[in-house]
Amino acid sequence: MLVVMRTQATEDQVRQVVDTIESMGLRAHPIPGAQRTAIGITGNTGAIDALTFELLPGVAEAIRVSKPYKLVSREVKPDRTIVKVGQVEIGGGDLVVIAGPCSVESREQTFAVANAIDRYGIKLFRGGAYKPRTSPYSFQGHAEEGLKILAEVRDVYSMAIVTEAIDNESLDLVEKYADMIQIGARNMQNFSLLRRAGQCRKPVMLKRGMSATLEEFLMAAEYIMAEGNYQVVLCERGIRTFTDYTRNTLDLSIIPAVQKLSHLPIIVDPSHGTGRREQVTPMSRAGIAVGADGVMVEVHCQPERALSDGPQALLPSMLGELVQQLKEIHQVVTNLAVSVR
Ligand code: PEP
Ligand code: MN
């Protein structure tokens, strides 16, 4: 249920609604908006009587949310969410580019990438310290040592750090060192990890599971938000289909679908989405063209020597060209959005 306050409702009246919800053993999620404040209610198993709230002062109406996901939905929050990571706003209309190596392999390799991409204005640096690998014999990441290297990159280059947590234990450390917590495709339905991420006060980037439907994807985000963390960015990273030329099929049609149903920002990851270096640039362009809030791409100075995902890594110079192209496309999309309104 969603309790919508009147435009002129006072803070005290909002407080009274929150107290009433909590006294019923439920959780209140106040959502300030441009026009009015709304308060989402979660934790109820059965229906709640709308009158309980509609009789309270300052309440305009109490409405049942028709979708299975609540806090994620546009019904509950019509205004788009902007997630701030370091100095970057995701979802606020700016073009966002997250770049860095697949894995933190060594201090030298990580700094070489950071140094090479800094000149292209990259403000969000990615790199995995915990790697969920298909084979137990593949490089698994340097864990906390890797996180320390990433934290050094932040200090030297003023880039905010995005890195993956693969379980509750690694999440404790990722929360300590990083600016944004990545939940990977393989963990999209790891519900205890999602809950734990929901208890963090750092933004979360949630990647789509490789066989997840749109509803499952949004429900996974709902797990995080239901715990009180509303700073969630979705990431389309390709799904499994019958095609085998590309590593995955980048499902760009999910971008406008998510934007219709949810207020959360969504970015695309054409590196994992295609698995092929030469496809990363065209599919990044396509992602921005369909209205994604940004892209996340993997970069390596010596891809042939990479310990993970070398075939999909861009060279730094390729990233430079990509950023230039994306800026042009983003400008066109922004102008179109303005003229359509
Ligand atoms: C990654 O971004 O490094 C990664 C492992 O991606 P995904 O979870 O999408 O496979
Ligand atoms: Mn990778």
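Residues numbered from 1 in each chain as written. Chains lettered and ligands numbered in written order. Predicted model: local features only at pLDDT ≥ 70, side-chain atom pairs only at ≥ 80, totals over all residues. Heavy atoms only, no water.

A.B. asks: Could you give me a rundown of the packing of aromatic side chains, with the residues and numbers involved?
C.D. replies: Applying the stated rule across the entire model yields two aromatic pairs. Here Phe-111 and Tyr-157 contribute two aromatic rings whose centre-to-centre distance is 6.0 Å and whose plane-to-plane angle is 50°, an arrangement assigned as tilted. Note that Phe-111 is positioned in helix α3 (residues 107-118) and Tyr-157 in helix α4 (residues 143-157), a separation of 46 residues in sequence. We note that Phe-111, like Tyr-157, is buried. Judged by centre distance (4.4 Å) and plane angle (25°), the rings of Phe-191 and Tyr-223 are stacked. Remark: Tyr-223 occurs in helix α7 (residues 214-226) and Phe-191 occurs in helix α6 (residues 191-198); sequence separation between them is 32 residues. Among the residues examined, Phe-191 registers a relative accessible area of 31% and is labelled partly exposed. Residue placement shows Arg-107 over the ring face of Phe-111; its charged tip is 4.4 Å from the ring centre. Geometry around Tyr-245 places Arg-276 over its ring, the cationic atom sitting 3.8 Å from the centre. (Phe/Tyr/Trp six-rings, centres within 6.5 Å; stacked < 30°, edge-to-face > 60°. Helix = DSSP H or I, 4+ residues; strand = E, 2+ residues; numbered from the N terminus. Buried < 20%, exposed > 50% of the residue type's maximum accessible area, 1.4 Å probe, protein only. Lys NZ or Arg CZ within 6 Å of the ring centre and 35° of its normal.)

A.B. asks: Could you give an account of the site of ligand 1, naming the residues involved and the relevant values?
C.D. replies: Taken together, the neighbourhood of ligand 1 is formed by Arg-126, Lys-131, Glu-164, Gln-182, Gly-184, Ala-185, Arg-186, Lys-207, Arg-237, His-272 and Glu-298. The side chain of Arg-186 places a nitrogen or oxygen atom 2.9 Å from an oxygen atom of ligand 1. At 2.8 Å, a side-chain N or O of Lys-207 approaches an oxygen atom of ligand 1. Coverage of ligand 1 by the protein chains reaches 97% of its 300 Å² of free accessible surface. (Near = heavy atom within 4 Å. Polar contact = N/O pair within 3.5 Å; in protein donor to acceptor, adjacent residues only side chain to side chain. Areas by Shrake-Rupley, 256 points an atom, 1.4 Å probe, with all protein chains shown as cover.)

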